[in-house]
Amino acid sequence: MQVEQDLITEMLGNSKIIAVVGLSPKPARASYGVAAYMQAQGYRIISVNPREAGKTILGELCYADLITAAADHRIDIVNCFRNADDIPPVVEEAIRIAAPYLWMQQGIVNVPAAEKAEAAGIRVVMDKCLKIEHHMRF
């Protein structure tokens, strides 16, 4: 458990840009609340949501996928607000863009996808809330 806690502290301390996959434009949604909180803490939020591509969320242009987003931005953390079954394609894109970190929000667990990401050198956290973990540390 301490190893995971150290990893979380490392991720949050070493990262500046967070791509939020599944970011909703609706303020009542968890993805929006977490992203707005992280943005208020000084992180740059890159929204990734194919239904909202080309629009803005939290003042940032929304992208259809991580590949397109990574063409314009270095991405430190890929933060996933997707169903567990939808994580494997996100991992494929995270590997393609060489993201250093992958974060699956609270309630999202996909062990095979996490193992694939880790085998590609991506550090992974699953089933934790980014906002809660940040708030506990900083």
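Structural notes, computed from the coordinates. All of these numbers come straight from a predicted model, not from anything done at the bench. (Residues numbered from 1 in each chain as written. Predicted model: local features only at pLDDT ≥ 70, side-chain atom pairs only at ≥ 80, totals over all residues. Heavy atoms only, no water.)

**Describing unusual backbone geometry**
Here is step 1: If you check the backbone angles, Leu58 has positive phi at about 55° while not being a glycine.
Here is step 2: Given a relative accessible area of 18%, Leu58 falls into the buried group.
Here is step 3: A positive phi angle, near 60°, is found at Ala98, a position not held by glycine.
Here is step 4: With respect to the helices and strands, the residue Ala98 is situated in the loop between helix H4 (87-96) and strand E6 (101-104). (Buried < 20%, exposed > 50% of the residue type's maximum accessible area, 1.4 Å probe, protein only. Helix = DSSP H or I, 4+ residues; strand = E, 2+ residues; numbered from the N terminus.)

**Observations regarding the pairing of strand E5 (residues 77-80)**
Here is step 1: A two-sided burial pattern is seen for E5, the buried positions comprising Ile77 and Asn79 on one face and Val78 and Cys80 on the other.
Here is step 2: Pairing of E5 with E6, which is carried by four bridges, proceeds in the parallel orientation. Across the sheet, residue Cys80 finds its bridge partner in E6, namely Met104.
Here is step 3: Tracing the backbone out of E5, into H4 and back to the parallel element E6 gives a crossover that is right-handed. (Pairing = 2+ DSSP bridges. Right-handed = clockwise from strand over helix to strand, strands pointing away.)

**Here we look at the packing of helix H2 (residues 30-40) against helix H6 (residues 130-137)**
Angle between the axes and distance between the axes are the two parameters that describe a pair of packed helices.
Here is step 1: The N-to-C vectors of H2 and H6 enclose an angle of 35°; their axes lie 9 Å apart at closest approach. When H2 is examined against H6, the residues Gly33, Val34, Tyr37 and Met38 are found in contact with a partner set consisting of Leu130, Lys131, His134 and His135.
Here is step 2: When its residues are assigned to classes, the contact of H2 with H6 shows four nonpolar, three polar and one charged. (Axes fitted to C-alpha atoms, helices over the stretch in contact; angles between N-to-C directions. Contact = heavy atoms within 4.5 Å. Nonpolar A, V, L, I, M, F, W, Y, C, P; charged D, E, K, R; others polar.)

**Regarding the layout of surface pockets**
Here is step 1: In this model, the largest pocket occupies a volume close to 500 Å³.
Here is step 2: Taken together, 22 residues form the lining of the largest pocket, with Gly22, Asn49, Arg51, Phe81 and Arg82 sitting closest to its centre.
Here is step 3: Contributing elements (two or more residues each) for the lining of the largest pocket: H2 and H4.
Here is step 4: In terms of residue count, H4 provides more of the lining of the largest pocket than any other element does, three residues in total.
Here is step 5: Across the lining of the largest pocket, the residue classes break down as 10 nonpolar, four polar and eight charged. (1 Å grid on protein atoms, 1.4 Å probe; cavity = no way out; pocket = protein on both sides within 12 Å on 5 of 7 lines; lining within 4 Å. Points joined across faces, edges and corners; volume = space filled by probe spheres on them.)

**Here's the deal with the packing of H4 against helix H5 (residues 111-119)**
Here is step 1: Where H4 meets H5, the closest approach of the two axes is 9 Å, and the angle between their N-to-C directions is 5°. Taken as axis vectors, H4 and H5 run roughly parallel relative to one another. Contacts from Ile87, Pro88, Val91, Glu92 and Ile95 in H4 reach Ala113, Lys116 and Ala117 in H5.
Here is step 2: Its residues assigned to classes, the contact of H4 with H5 shows six nonpolar, no polar and two charged. (Parallel < 35°, antiparallel > 145°, perpendicular 65-115°, else oblique.)

**Describing the side chain of Ser31**
Here is step 1: As for its position among the elements, Ser31 is in helix H2.
Here is step 2: Of the polar contacts made by the side chain of Ser31, one reaches the backbone nitrogen of Ser24; its length is 3.0 Å. (Polar contact = N/O pair within 3.5 Å; in protein donor to acceptor, adjacent residues only side chain to side chain.)

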